Each structure stands twice: as C-alpha cells, then as structure tokens.
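Examining the three-dimensional arrangement
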Amino acid sequence: MYRLIAFVFFCGLGYLVNGVALPISLGSDFLFGGAVAFFAIAVIGPVLGIMVAMVSALQAAGEWGHNYGWMIQTLQALFVGLAYSWIGRPNLLYLCAAFWALIGAPVVWLFYIYGLHLGEATAGLAMVTLAINGVVNAGIAELLLSVVVHATGRRRWLFLDNHRKLERSFADGVSNLIVGFVLLSMISETAVFSRTQVSELLSDLSSKAIRGRWRSLPKRRRPTGAPRGSRKRCAS
C-alpha cells in the first residue's frame, strides 16, 4: 500500500517540478523532475521509478512541443533503473553519467539532426545541456538520499526490499558534494557559453538583415546626358 501512495506522490511531484524550468539560454531549459524519478527509483524500486519518470516527462513533452524529450527522459530512467537493480551498491550519479556517455548523447544527436532537422551547433548544444541536466538531477537525488537516510536513521528503511542499496557512507556524501560543486560550475559555464552563442547568432542575423534591407533600397538615378560630377551653374 505504501508503494502505491508513494508512487502517486512522486508522479505528482515530478510533474509539478518539471513545470518549473530554469532557463539557461534561448530554447534551453533545465528540468528537475528527473531528480524525483531517480529518488523514486532508489526508494520504491526501479519499475515504479521508471513509471514516475514517464509521467513526469509528459510535462516536458507539452512544453517542448515534441515527444523526443519524453523519450530521452524515459530511456534515461530505464537505463538507470535497470542498472540500479543489477548493481549491489549503485550510485545514481555514476549510472546517469554512464547513460549519457554510452546512449544518451548519440540518441539526442540523432533526434535533433534527423528528427527535428536542426543544425549541428544546435544539436551539440542540446546534447551537452541535456547531459548536464541529467547528471545534475542524479546528483541531487544522491544528495537527498544521503541526507534523508542519515537524518532518519537506517532502521526506518528496513521495511524496504532494497534497503541495503540505500546505505550511504560519509565518504559517499562528501564525494557527492564535491561532484555537486563541479556540476554547478558546469551549469554556469554552459549558461555563459550558450548565451554567448545565442547573442553572436542574433547579432549575425541582425547584421545580415540590415545588409539585405540596404541592398533592397532603390538607387538614385542620374539625369540622362549629365556627366558625373557636373553641376548646374547659375547664370550670372
């Protein structure tokens, strides 16, 4: 019964959290519903956690206007959930990083190039942004697990079938905190780089538009028979 209640709670929370996006640049946002899905994978199991990710990603599909974001987030949760169930003491952050290195980055490239018919620069920027977003969500989930397990005590989690997977040492918490600071710096660098690229693109487009308007203006014509540089002299 508790799994059903937690599943409904995590679905609603993930859907709401995905509705609050952090704008990085023009057309690039960070969504944090994946952190809820990763936390659900660790607490209520991979199967229900993957379903939480599928429900939470519906918000992204509605905002982005295509289903590729939903497919990417579902694939991410599927890979992490299956690997989490196979490994003895898994780390969500490392599993998510492995997903983006092996599967996520090529899939995003193919979706944006051949599915959405966008340029290579746009596809590369989306690939980097989504990868950092996924790893950040996994890091947030790991930090929450470390805090919750140590704050409430391990005995309160013995009713879970996978309570041994929730064990987090102090060294794990410190390493996750260090990785969190690194990810924050990566977010800031990504935001600065993407905004620089967008500003350069807009300036280039505006300069091209100005040149196009200047060329389209009608040129002044000289009167026939008048030599260049000649002026009428007033009669004295």
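Notes on the structure in this doc start here. (Residues numbered from 1 in each chain as written. Predicted model: local features only at pLDDT ≥ 70, side-chain atom pairs only at ≥ 80, totals over all residues. Heavy atoms only, no water.)

1. Topic: the overall build of the protein
So the rule is basically this: Numbered from the N terminus, helices here are DSSP runs of H or I no shorter than four residues, and strands are runs of E no shorter than two. Working definition: with a 1.4 Å probe on protein chains only, accessible area under 20% of the residue-type maximum means buried, over 50% means exposed, and in between means partly exposed. The Shrake-Rupley method, run with a 1.4 Å probe, gives the accessible areas here. Residue values count only the displayed protein chains as cover.
Along its length, the protein carries seven helices and two strands. Of all 236 residues assigned to the protein, the portion counted as buried reaches 40%. Taken as a whole, the protein presents about 14,500 Å² of accessible surface, with 67% of it coming from carbon and sulfur.

2. What about the nonpolar core?
This is how it is decided: Within this scheme, the nonpolar core is defined by two criteria: the residues are buried Ala, Val, Leu, Ile, Met, Phe, Trp, Tyr or Cys, and they are joined through side-chain atoms within 4.5 Å. When checking whether two residues touch, look at their non-hydrogen atoms; a contact exists if any pair is within 4.5 Å.
Counting 40 residues, the largest nonpolar core has Phe-10, Phe-38, Leu-92 and Trp-100 as its most contacted members. Looking at this core, the elements with two or more residues in it are α1 (2-18), α2 (33-44), α3 (46-64), α4 (68-86), α5 (92-115) and α6 (120-152). Residue contributions to this core peak at eleven residues, all from α5. Among residues more than four places away in sequence, those in contact with Leu-92 are Phe-38, Ala-42, Val-80, Tyr-84, Ala-138, Ala-141, Glu-142 and Leu-145.

3. A few points about empty space enclosed by the protein
How we decide: Every definition here rests on a 1 Å grid over the protein atoms only: cavities are sets of points where a 1.4 Å probe fits but cannot get out, pockets are open sets enclosed by protein on both sides within 12 Å along at least five of seven lines, and lining residues have some atom within 4 Å of a point. Grid points are joined across faces, edges and corners, and a volume is the space filled by probe spheres set on the points. Charged means Asp, Glu, Lys or Arg here, nonpolar means Ala, Val, Leu, Ile, Met, Phe, Trp, Tyr, Cys or Pro, and polar covers whatever is left, Gly included.
Enumeration over the complete set of coordinates arrives at two cavities of 30 Å³ or more. Counted as a void, the largest cavity has a volume near 130 Å³. Along the wall of the largest cavity there are 14 residues; nearest its centre are Gln-73, Gln-76, Leu-130, Asn-133 and Gly-134. For the lining of the largest cavity, the elements supplying multiple residues, two or more each, are α2, α4 and α6. Considering only residue class, the lining of the largest cavity consists of five nonpolar, nine polar and no charged. Approximately 50 Å³ is the volume found for the second largest cavity. Lining of the second largest cavity is provided by Gly-33, Gly-34, Ala-37, Phe-38, Ala-53, Gln-73, Gln-76 and Ala-77. Among the secondary structure elements, those contributing two or more residues to the lining of the second largest cavity are α2 and α4. If one sorts the elements of the lining of the second largest cavity by residue count, α2 sits on top with four residues.

4. A look at a nonpolar patch on the surface
Heads up, the rule is: Here, patches come from residues exposed beyond 30% relative accessible area and free of salt bridges, joined within 9 Å for like charges and within 5 Å for nonpolar side chains (Val, Leu, Ile, Met, Phe, Trp, Tyr). The working definition used for a salt bridge is a side-chain nitrogen of Lys or Arg within 4 Å of a carboxyl oxygen of Asp or Glu.
Taken together, the side chains of Leu-75, Leu-78, Leu-82, Trp-86 and Ile-87 make up a nonpolar region of the molecular surface, amounting to roughly 490 Å² of accessible area. Structurally, Leu-75 is set in helix α4.

5. A few points about the side chain of Ser-56
Checked against the element boundaries, Ser-56 lands in helix α3. Setting aside residues up to four positions removed in sequence, Ser-56 forms contacts with Phe-10, Cys-11, Gly-14, Tyr-15 and Asn-18.

Nothing here speaks to function; it is all geometry.
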